[in-house]
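Overview (structure and organization)
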Amino acid sequence: MTAPIYLDFNASTPVLPEVLEAMLPFYTSAFGNPSSGHALGRAARAAIEGARAEVAALLGCAADEVIFTGGGTEASNLAIRGTAAARGRPAAILTTVVEHPATASPCRALEREGWRVERVGVDREGRVRLDEVEAALRRAPETALVTVIHAQNETGTIQPVRAIAALARSLCPGVVVHADGAQSVGKLPCRVDELAVDLLSVAGHKLYAAKGVGALYLRRGTALAPVLLGAGHERGLRPGTENVAAIVGLGRACTIASASLAHEAGRQRALCDELERRLRELVPGLALNGDARERLPNTLNLRFPGVRGSALLAATPEVAATTGSACHDAGELPSAILTAAGVEPEAALSSVRLSLGRTTSEADVERAAAALGRAYRELAGRAR
């Protein structure tokens, strides 16, 4: 059986061969505990610090500003709950209505603990409304944390993080700014000074490293408390023996991303444009969700009028894609991300996310468009 055309790179990416090659010794010969003082332990520690420098190079920060975690979700929880714990008393948080659950859930938890959470809306393209940001900050001058997704995982829409940070700092002195970079790191330039953030979450399996590893950028001088308790690993902020192999792989993946960022962004953008062009020829009334320009170069979220996205994908086994975020529960409920941007519920149910990656080829795009177009015609014909 021929493998399906994989167009779900926003859900997860394959581990690159070069990344796997870098990881393998740390499962076998170089297996030492990085906290041990003998040669094997020192080699493991040196490998972690080398990987820390590689992650820092991609983010444009100092190596000691990188904290390794067990994934992007853990990094965002550490950023949000760790900032709250360091403050010690409830204040206000500003976030958006289009966050990933890794941000939305800890914000809800803090709300139950007495924090005030302001959630700002988005426009028809799914971009945060800066006027709502300003109004929310003026309503809550005690805002201690701003947390916003950099690139939305379903639509790919890129948020104006730098502008949000500037507003926050002008109206709420001492505020801490966190961005969820799980989807953007490795696909877009994510230099932390250019984004003007104090904290940035990284997810390894979104940029061709292993699952179960991530990182948090922590600007020097930013107060953060641990949310897990144990020994003093990762500057006392993330206890537990480090996953050396996965950390080494994350470092190598960041180096690969650094070397090919512009080329891959351009190549994937061109393939996305070609896929959309071909589908528009085959699907009357096809529409794009999200911002046509300010979005991830690899992401298309499309509405196929008159059919359910889930039915379309079920009728297209040749294509591996999704109707929304892979982190959401299955079911015929419209995407809250799309409805927040004003998409009608029925239109949201007709939507499919197609996300491309490093291994996507022109032939993949041609075959995927033909398969989706054929399935659409069959389903639309039955509905008439």
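We now turn to the structure provided with this report. All values derive from a computational prediction rather than experimental measurement.

**Side note on the pairing of strand β8 (residues 214–218)**
For β8, the buried fraction is high: 5 of the 5 residues fall into the buried class. Alternating positions in β8 separate into two faces, G214, L216 and L218 on one and A215 and Y217 on the other, with burial throughout. One ladder, built from 5 bridges, connects strand β7 (residues 199–203) with β8; its direction is antiparallel. Residue pairing in the sheet places V202 in a bridge with A215 of β8.

**Observations regarding the pattern of salt bridges**
Enumeration according to the criterion identifies 24 salt bridges in this entry. Here E134 makes a salt bridge to R138, at a shortest N to O gap of 3.0 Å. Highlighted residues: E134 and R138, both in helix α5 (residues 130–139), separated by 4 residues, approximately one helical turn. Of the residues examined, R138 reaches a relative accessible area of 53% and is grouped as exposed. Here E274 ties to R277 by a salt bridge, and the two come within 2.7 Å at their closest N and O atoms. One end of the pair is E274 and the other is R277, both in helix α8 (residues 244–282) and 3 residues apart, which spans about a single turn. Under the relative-accessibility criterion, R277 is labelled partly exposed at 39%. Within the structure, one salt-bridge network assembled from shared partners comprises R45, E49, R52, E234 and E242.

Basis of the calculations
Residues numbered from 1 in each chain as written. Predicted model: local features only at pLDDT ≥ 70, side-chain atom pairs only at ≥ 80, totals over all residues. Heavy atoms only, no water. Buried < 20%, exposed > 50% of the residue type's maximum accessible area, 1.4 Å probe, protein only. Helix = DSSP H or I, 4+ residues; strand = E, 2+ residues; numbered from the N terminus. Pairing = 2+ DSSP bridges. Salt bridge = Lys/Arg side-chain N within 4 Å of Asp/Glu carboxyl O.

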